[in-house]
There are 4 protein chains.
Amino acid sequence: MSSTWSNKISFSVFGESHGPAIGVCMDNVPPGESIDLEKIMQFMARRAPKKDGTTTARSEADMPQIVSGYFNGKTTGTPLTALIKNTDQHSGDYLKLSKLARPGHADYTGALRYRGFSDPRGGGHFSGRLTAPLCFAGAVAAQILEKRGIYVGTHIAEIHKIKDDPFDPIKTSREDIIALRSREFPVINEKKGKLMIADIKKAKECQDSVGGIVECIAVNVPAGIGSPIFDGLENSIAHLIFGIPAVKGLEFGAGFNAARMLGSENNDEFYVNDQGHVVTRTNFHGGILGGISSGMPITLRVAFKPTPSISRPQETVDYSAMKNETIAIKGRHDPCVVPRAVPCVEAAVNIALLNHMLDYPNF
Amino acid sequence: MSSTWSNKISFSVFGESHGPAIGVCMDNVPPGESIDLEKIMQFMARRAPKKDGTTTARSEADMPQIVSGYFNGKTTGTPLTALIKNTDQHSGDYLKLSKLARPGHADYTGALRYRGFSDPRGGGHFSGRLTAPLCFAGAVAAQILEKRGIYVGTHIAEIHKIKDDPFDPIKTSREDIIALRSREFPVINEKKGKLMIADIKKAKECQDSVGGIVECIAVNVPAGIGSPIFDGLENSIAHLIFGIPAVKGLEFGAGFNAARMLGSENNDEFYVNDQGHVVTRTNFHGGILGGISSGMPITLRVAFKPTPSISRPQETVDYSAMKNETIAIKGRHDPCVVPRAVPCVEAAVNIALLNHMLDYPNF
Amino acid sequence: MSSTWSNKISFSVFGESHGPAIGVCMDNVPPGESIDLEKIMQFMARRAPKKDGTTTARSEADMPQIVSGYFNGKTTGTPLTALIKNTDQHSGDYLKLSKLARPGHADYTGALRYRGFSDPRGGGHFSGRLTAPLCFAGAVAAQILEKRGIYVGTHIAEIHKIKDDPFDPIKTSREDIIALRSREFPVINEKKGKLMIADIKKAKECQDSVGGIVECIAVNVPAGIGSPIFDGLENSIAHLIFGIPAVKGLEFGAGFNAARMLGSENNDEFYVNDQGHVVTRTNFHGGILGGISSGMPITLRVAFKPTPSISRPQETVDYSAMKNETIAIKGRHDPCVVPRAVPCVEAAVNIALLNHMLDYPNF
Amino acid sequence: MSSTWSNKISFSVFGESHGPAIGVCMDNVPPGESIDLEKIMQFMARRAPKKDGTTTARSEADMPQIVSGYFNGKTTGTPLTALIKNTDQHSGDYLKLSKLARPGHADYTGALRYRGFSDPRGGGHFSGRLTAPLCFAGAVAAQILEKRGIYVGTHIAEIHKIKDDPFDPIKTSREDIIALRSREFPVINEKKGKLMIADIKKAKECQDSVGGIVECIAVNVPAGIGSPIFDGLENSIAHLIFGIPAVKGLEFGAGFNAARMLGSENNDEFYVNDQGHVVTRTNFHGGILGGISSGMPITLRVAFKPTPSISRPQETVDYSAMKNETIAIKGRHDPCVVPRAVPCVEAAVNIALLNHMLDYPNF
C-alpha cells in the first residue's frame, strides 16, 4: 500500500496537489479521546508557509474538515477522516513542465511507476502537500499522548552547515518543547536561527536552495514500549520518517557518531536515581535499546536534502521523447523545506509512539 | 508482530540464542526459483566469526536445514522454512549476570517489555544470533535477484574513524561486488582494512570495542520499482535495517551530507546516455527518487555502535532489586560487530528489493 | 482495523449514518484503469431504496464524489477516495432510543466496544449506510474485472422460504448476469419474485420483517487464482462478506448440502472440453479447489437475517440504567434488507476477485 | 501470504505432507502464559486417526517439538515455533498419480497456481496434515483463554444427514464442553453417534466417503469483544475456518435458518438477569451482534464436504498431457474427515477469540 501505514493504528493519506482535496483516514484510534480542533489548527499552522521569506508564498488555509470518527468533541473509535480542500492552485505554472523530469523530483520515477497515469499537476500525490494530512494525524496522536504526559518536540538543528544548539538529551523538559512550538523559526539558539534565515534568503536570491537537519526529542515515554527486531520504535519511526519527502538520513541517539566511539564511551551506564527509577548517566542510546524504550528521552535526527525545485537552468530529459533538454523551474517553491518539515517529523514520531503506547498496560 | 516483517513477501525470524534452534519462515517467495544451497552457505559463512581476531571465538556451524517450501532444488511457492540448530552454548557465562542490566544491551528494556518472561540466556531473542536467519532469507532473495542481474554489495566503510574508499556510486559493477564477497575482511582499500583490523585488535586488548559504518550498493535495479510515501524503497529498507542489532543510523545517497549542500550541487541532472537510457550525471539521490528506483545504483550507509559487551567494569543496576551494581562482562564477544554485520545489511537490502521486484512487470 | 480490509488492495470505509459524509479510501488500485462514473452510479443505484415498497422510504441521492486517485477518467494508482454526503437524516427518530438496545442491533455491543463514545445516531458507523462506500469500491473493481471478461452476478435466491430458480452453475453467461442488473427486483423467475414482493409487503404491514438468501456467481475467472490455506478465494470472500450487516451464513458451491452428499456424488469429475480446456461435468465445488479457482463459475450463497428494526413492541434493556424496558422502533426501515444487499454481495466478491487477479500473470 | 494469518496475533503454518517436517510459527503471543505440553498433546490427539475405522490408518505420532518462544514452562512473548516431524510417509502410493488431477482435490488448481513447482507428494502443502500445526496453535490459544474462563467446544452435528442433538445455545456449560473432549467420537447423543459411525463404515466399504457438519460453541466470552465491519468476530473466524480443507459453508447462530424467519422470531430480546447481566432470552444471533460479542455463547456451524479421495474409479484429466483419463485413488484415506476436523474447528475459533481478547481491558 503506497500511501498507507498499518500497524496497531493505521492511516492512509490520499489526494493530489491539484485535485479537489487531500486528506487522511486513520483507523483504530482509541475511542473517547478529547480532540481540541483549535490545537490541531495550531499544529498544522506550523507547517504552513512562513511569512519570513524562508518558504513558498503559496498560502493554503489548510483547514481540515473532520468527516467521520469524531462526535461530541471526542474520537468515536471508528475511522477518523479529515479532508483538506485544495484552494490555491496555479496549475498553469506546472503543466508546461509536464514531460520534463525535474532533477531531484519524482517526475520520471513516478511516471514509470504509475505508467504515465499519475496526476502530474504540482507533483500530484508526490507533492509535499501530502504532509498536511500527516500533520493532521500527528496532531491527533500528539493530543492523545500529551494527556499521558508524553511530549514530542522538534527544532531545526542545522541549515546548510549552520548548527543550532542540540537538545539536552537528559534534561529537556515539556516546557522546553512547548516553548519551541510558538517560535516562527523553531531553533533553540535564536542567533543561530538568524544566521540560518539569512542563509536561506541568500540561497533564494541565488535561485538556489539549501537543506538541513531536524532534531526531535520525546520525553516521558515510559520504559518498556516497543519490541525487538522488526517492530521496534526505530523501525516504526524510520518507516514513517522516510515517508516525508526529501528525507535522506535518520539517526537515533549518537547515531553516526556512535560509529566513531569506543564501547566504553558509547555505553550509557545505568543507575537508580533519587526517585528510584532506573536511568542512564548519558543518553547516547537515544532512549531506545533493542527497539524498546528505556525511559530516557528518545532522540533522533533527520537529514533533509535541499529543495530540488530551483529556478536556475538545469540539464534534464524529456522522458516522453527521450531527449536531452534544459529546464528552469518557475512557480513558487520553498528555498528550504526544513522549517516546514519540523512539524512533519514531530507528527511521524507522535504517530509511531501512539501506535506502540496502545500496547502499554492501562493505556 | 515483533519479529515478523510483512509486505508482499513476509518472513518471521524465531528462536533464542540458547534454545534448541533459531530459524526463519518466509511466505510468498515465488515458486520455481532455483536455490543453490552451497551459495547460501557461502553467504552465511560471511556472517560467521572471523579467524583474524576481530570477532568472537564462538564457532557455530550455522548450517541451515530447510524443512519446507523447497522441492527438487527449487522453491515451491509455499512457506520456505529453515532451521539453524544452536550447538555451542556456554550458558554458564551468562546466567550469573541475569539480573544485572548490561549497559547498551536490551536486558532491562526486554525484561520490562516481556514482563520478565523472555529467555535471558545469551540475550535470548535479542541476540545477534537472530541475524543468521535474516542472512538465510537474504541469501535466498539474493539468488532470485541475481538471476535478474541485480547484485547487492557491501563493504566496511569505516571503523572507529578509519575510512575505506567509498563505492563509486555510478560505475560500481557486478564484478566489484562479487570480488568483495570473497574477502575475509571486506574493504575496497586493503591498506585501510589493515589499519581497521589493527584498531579492532587494539580495542580488544583494551577490553573495549569499536563501531563503524557499512556501505551498501545495489546495481541493475530497474527504474520504476517502489512507491511513494510509506511503501517506498527507503521505507522498506529502513524498516528492515533497523531490525539489525546495534544499528543507530541510516542514510541514502548523499545522506546527512545532502543537508549541507546547495540544491544546485545536490540535484542530479538527468541525461539520455549512449544506450538510450535516462541516467544521472551524479548520484547524490542514491538511486531513489520519491521512494522509487531511478535506475541508478542504490546506495546507503548504516551506522553501527560499538559492541556494548565489554569486559571492563561498568556501573549498572540490578533491576530486580533496583540497586546500583558494577558489572564486568565475561564470555566471548565481538570487539566490533561491523565485519559480521556486512552480510546482514546485504541480506536486508536484498529482501527489500525482492519484495518490490515482485511488482515489476514480467518478473 | 475495524473498518479496513487489507490485502494486495486495501480499502477503508468510514463515516457515520448521521455525520457529514461517509466514504471509502482504496489503496493499490492499478493505475490507468478507465472508470465510467455513470456505471458506478448505476451500480450504486441498485443499492438505493426501491420504489416497490419492499425497502425504506429514506431517499439518499448517494452521489459519490471522487476526491483523489482519479485523473482524466482513469485511476492514477494512488489512493482512490470517494465521499458520499449524508443529506436525508431524521436524527430525531433515533435519538430518543439512544439508551435502549434495539434487539438484533449492535447498540449494546457497540456501546461496550467503544465505551459509549460511538455516534449512536442512526446506528452510526454500524449503519447499513456503510455499505454504500463498499458498493462504490465494488463498482470500481467490477469495471476493472469486466474489461478482462470477468462478470459477477447476483440474484435474490430466497425470501422467507420462497425460492427463486438457482443460477446454472455451469452455463450462466455474462448476458444472464447483465440482464439481472437491470431488474428492479433481481430474481431469475419473475413469478417467484412477485411472491417474494408480496411476502415482504405483508411483513411490513404486520410491522414485521423477513430475511433471505442472495446467490452470487462469477464467470470467466481464470483457473489458478488464489492460494491455499489462509489466502484463498474463500477466505478473502468470507472476510468481506461477513462485513455486510445482517449476514449470518455463507456457503460455496454445494455448501451445506455437500455435507449430506457422498464423495462419489459431490466430486466433480474433470474432462478436457472441445476447446481443449480442463473443466468439470458438475460444479459442486463452486469453482474453487484448495482456495484456488478451477476455471468453473464461482458460486456462493449468503444468508441474511430479517431486518432487526421492527415497529412491534419488543422487550429490551436500557443498558445505561441496567433495567428492563419495552421498545417500539419508529423511523423508516427496510422490511427486508435482501433486495438492497444484492449489489453489496456483488461488490464484496468483485473486490476479493480483483485482489487475487492482481497476482495473475499479465494482468 | 498464502499460509499466514495476521492480525493482532499471527501465525504461519508451513511444511509439506512428505517433507522433513511441518510446523507453525506464531508471533505476538502474550508473554508469561503457562503452557502445559501434556494438554497440547491431548488436543492434538483428538485430530489423530481414530481406531474405530472411521478414519485413515496412517498413524503419525505428531509430537510437536517447541523450538522457540517457550522458557521455563511459559511463553516468552517472542515467536513460538513448533515442529512436527513427518515420519510415516508412503510416497509411493501417491507418486504414480502425480499428473492426474484427483477430483475434488487441489492437484490441478495448485499446479496452475504454483506453476508446477509445488511438492505433489501426498498433497504437499495442500494436505490435511497442515491442520496439525493449526491444532498446535489452537491448543496454545485454548490454554490461554481457559485461564480466563473461556471454553470452546465442538461436536459432530451431522454426518451424511444423520443429526446429533445441537448444543443448547443458552445453557451449554464448561463441563459439557470438557466432557465432549474425552469422547473418541465427539457427539452429544451417543445413539446418533453410533448411527454415524455405521454410516461412515458403510461408505468406506462402498469405496465412497461422506461429509458432515461440525458445531462449535464458545462460552464465557465477555461482551464487547470484536469490531464492526471487517474486523469482527465473524470475519476473523470465517477467515480462519475457510483455511481448513474441505470446508464449504459456515453459519453463525441461526445461520441459514435465520433467512427463513420473521424479524419478530429471530430478534433476541434483551433482559437483565438475576445476576444483573444483560442477556438475551433466545440466542439466534449466535453471541455476535455487529461483529462484537454480546456475552451470550458464540455458536457456529461448519459444513465439510465428503472426503474427495475415494477408491472408486473416477473420470479425470492428465493435466500435463491435457487428455482424459480414469483414476482410482489408492492409499489410506479418511472415509470422512469430520471426526478429525472437530479439533481443527475448535483451534480456529480459539485463535480468533484470543486475537480479539488481546484488546480486552486488563487481559
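Not measured: the values here are computed from a predicted model.

Here we take up the overall build of chain A. For chain A, the count of helices and strands is 9 helices and 18 strands. In summary, chain A has a C-alpha radius of gyration of 21 Å against a globular reference of 21 Å for 363 residues, a match within 12%. In terms of principal-axis extent, the alpha carbons of chain A reach across some 65 × 50 × 35 Å. Across chain A, the fraction of contacts at a sequence separation of at least 24, relative to all contacts at a separation of at least 6, is 74%.

Quick look at the interface of chain C and chain A now. Quite often, the size of an interface is put as the accessible area lost when its parts meet. In this assembly, 44 residues from chain C lie in contact with 44 residues from chain A. Looking at the side of chain C facing chain A, the largest losses of area belong to Met1, Phe71 and Phe117 of chain C, adding up to 20% of the total buried there. At the surface where chain C touches chain A, the tally comes to 0 salt bridges. Linking chain C to chain A there are 11 residue pairs in polar contact (both at pLDDT 80 or more). When residues of the side of chain C that touches chain A are assigned to their parent elements, the largest contribution, 5 residues, is made by strand 2 (residues 10-15) of chain C. Taken together, the residues of the side of chain C that touches chain A sort by class into 16 nonpolar, 20 polar and 8 charged.

What follows deals with helix 1 (residues 37-45) of chain D. Residue and element names in this part refer to chain D. Ile40, Met41, Phe43 and Met44 are the residues of helix 1 that are buried. Looking straight down helix 1, one finds its buried side chains confined to an arc of 160°; they lie on one side. Packed against the buried residues of helix 1 are strand 4 (64-68), strand 7 (80-85), helix 4 (131-146) and helix 9 (338-357). At the N-terminal end of helix 1, a side-chain oxygen is found 2.8 Å from the backbone nitrogen of Glu38, two or three residues along, and the residue is Asp36.

Attention now goes to the relation of the copies chain C and chain A. Superposition of chain C onto chain A requires a rotation of 180° combined with a translation of 0.0 Å along the rotation axis, giving an RMSD of 0.0 Å. What the rotation and shift describe, once combined, is the action of a two-fold rotation axis. No C-alpha of chain C lies nearer the rotation axis than that of Cys25 of chain C, which sits 3.7 Å from it. A share of 100% of interface residues in chain C that are also interface residues in chain A marks the association as one of identical surfaces.

Calculation notes
- Residues numbered from 1 in each chain as written.
- Chains lettered and ligands numbered in written order.
- Predicted model: local features only at pLDDT ≥ 70, side-chain atom pairs only at ≥ 80, totals over all residues.
- Heavy atoms only, no water.
- Helix = DSSP H or I, 4+ residues; strand = E, 2+ residues; numbered from the N terminus.
- Rg over C-alpha atoms; globule rule 2.2 N^0.38 Å.
- Contact = heavy atoms within 4.5 Å.
- Buried area = accessible area lost by both parts, 1.4 Å probe.
- Salt bridge = Lys/Arg side-chain N within 4 Å of Asp/Glu carboxyl O.
- Polar contact = N/O pair within 3.5 Å; in protein donor to acceptor, adjacent residues only side chain to side chain.
- Nonpolar A, V, L, I, M, F, W, Y, C, P; charged D, E, K, R; others polar.
- Buried < 20%, exposed > 50% of the residue type's maximum accessible area, 1.4 Å probe, protein only.
- Arc of directions from axis to C-beta.
- Least-squares fit on C-alpha atoms with pLDDT ≥ 70 in both.

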